[in-house]
Amino acid sequence: MKITSTVLAFSLVIGSLTCYGVARAHGTEKHGTMVPTDAQMKKLHTMMPLFSDASAAMETALKNGDVKALETEAEKITGAIADLKKSVPHRNTAQREKFVARAAQLEKTVVTTVALGKKGLFTEAKASFKKVEAACASCHATFRD
Ligand code: HEC
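Per chain, residue numbering runs from 1 following the sequence as it is written. Under the rules for a predicted model, residues below a pLDDT of 70 receive no local features and side-chain atom pairs below 80 are neither given nor counted, while totals for whole chains, interfaces and linings still include all residues. Side-chain measures were taken over the full set of non-hydrogen atoms in the model, leaving aside hydrogen atoms and water.

### Some remarks on the side chain of Ser-55
Labels follow the DSSP assignment, with helices taken as runs of H or I lasting at least four residues and strands as runs of E lasting at least two, numbered in each case from the N terminus. Structurally, Ser-55 can be placed in helix α3 (residues 38-64). Using a relative accessible area of 15% as the deciding quantity, one classes Ser-55 as buried. Residues adjacent in sequence count toward polar contacts only when both atoms are side-chain atoms; beyond that, a polar contact is any pair of N or O atoms within 3.5 Å, and within protein one must be able to donate a hydrogen and the other to accept it. A distance of 3.2 Å separates a polar atom in the side chain of Ser-55 from the backbone oxygen of Ser-52. Whether two residues are in contact is decided by their heavy atoms, any of which lying within 4.5 Å being enough. Excluding its chain neighbours within four sequence positions, the residues that come into contact with Ser-55 are Ile-77 and Phe-129. Burial status follows relative accessibility: with a 1.4 Å probe on protein chains alone, a residue under 20% of its type maximum counts as buried, one over 50% as exposed, and anything between as partly exposed.

### Section: the site of the ligand
For this description, a residue counts as near a given molecule or strand if any of its non-hydrogen atoms is within 4 Å of it. Lining the immediate surroundings of the ligand are 18 residues, of which Met-48, His-90, Cys-136, Cys-139 and His-140 lie closest. Interatomic distance of 2.7 Å between a side-chain N/O atom of His-45 and an oxygen atom of the ligand. Those elements giving two or more residues to the shell around the ligand turn out to be α3, α6 (96-118) and α7 (122-143). With six residues, α3 is the largest single contributor of residues to the shell around the ligand. Nonpolar residues are Ala, Val, Leu, Ile, Met, Phe, Trp, Tyr, Cys and Pro. Charged residues are Asp, Glu, Lys and Arg, and all others, Gly as well, are polar. Taken together, the residues of the shell around the ligand break down into 11 nonpolar, five polar and two charged.

### Remarks on unusual backbone geometry
Leaving glycine aside, a negative phi is the common case for residues, and trans is the common case for peptide bonds. Phi is positive for Asn-92, close to 50 degrees, though the residue is something other than glycine. As for its position among the elements, Asn-92 is in the loop between α5 (81-86) and α6.

### Re the coordination of the iron atom of the ligand
Looking at the metal site, the iron atom of the ligand is ligated by Met-48 (SD) and His-140 (NE2), spaced 2.0 to 2.3 Å from it. Coordination shells were defined by N, O and S atoms within 2.8 Å of each metal, extended to 3.2 Å for Na, K and Ca; water is absent from the atom set, which can make sites look incomplete. Every angle between 85 and 135 degrees makes a four-donor site tetrahedral, while opposite donors more than 155 degrees apart, with all other angles between 65 and 115, make a four-donor site square planar and a six-donor site octahedral; other sites are irregular. Relative to the metal, the six donor atoms surrounding the iron atom of the ligand lie at angles of 85 to 179 degrees, and the coordination shape comes out octahedral. Of the two residues, Met-48 is situated in helix α3 and His-140 in helix α7; the sequence distance between them amounts to 92 residues. Given the relative accessible area of 28%, Met-48 is considered partly exposed.

What follows is the structure in structure tokens.
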């Protein structure tokens, strides 16, 4: 009973930290090897529409020169990167390093895009946003399509 409630409390804390209602799997972190679990795959599936919406909204914000919206939408993506890195795709699951590198690349391009937008350099920010889309696509090429 005690163990169950500790696990439950742990799950609640982690769950609220990540802001995702999806139950977390504990097994992989504990044993150090990355064995995909249904929960981790489901999580990725849940996360992606957020990426899609936020990146579309970033593009709109860039068109409108709306720096505040650009920042807000970008934060939705950057705030989910840690979780993305922990998630597990369906394909090429053995290529962990590459998956994590793709997630890091996405973060980097998003951060650069916002920095340029904040300086009012919208032409450059739009060019940088193309690299955001490329980062989405390069991960999908290996791990989704
Ligand atoms: C680190 C890898 C990675 C990055 C970066 C990434 N995705 Fe994905 N994405 C995936 C994987 C893997 C799937 C397939 C998910 C599944 O099979 O459940 C996916 C699926 C999707 C889907 C289809 C919905 C679904 O759950 O199958 C959309 C839409 C999507 N991604 C949008 C984006 C957008 C937009 C970006 C960039 C802002 C992005 N993704 C960045 C790995 C990534």
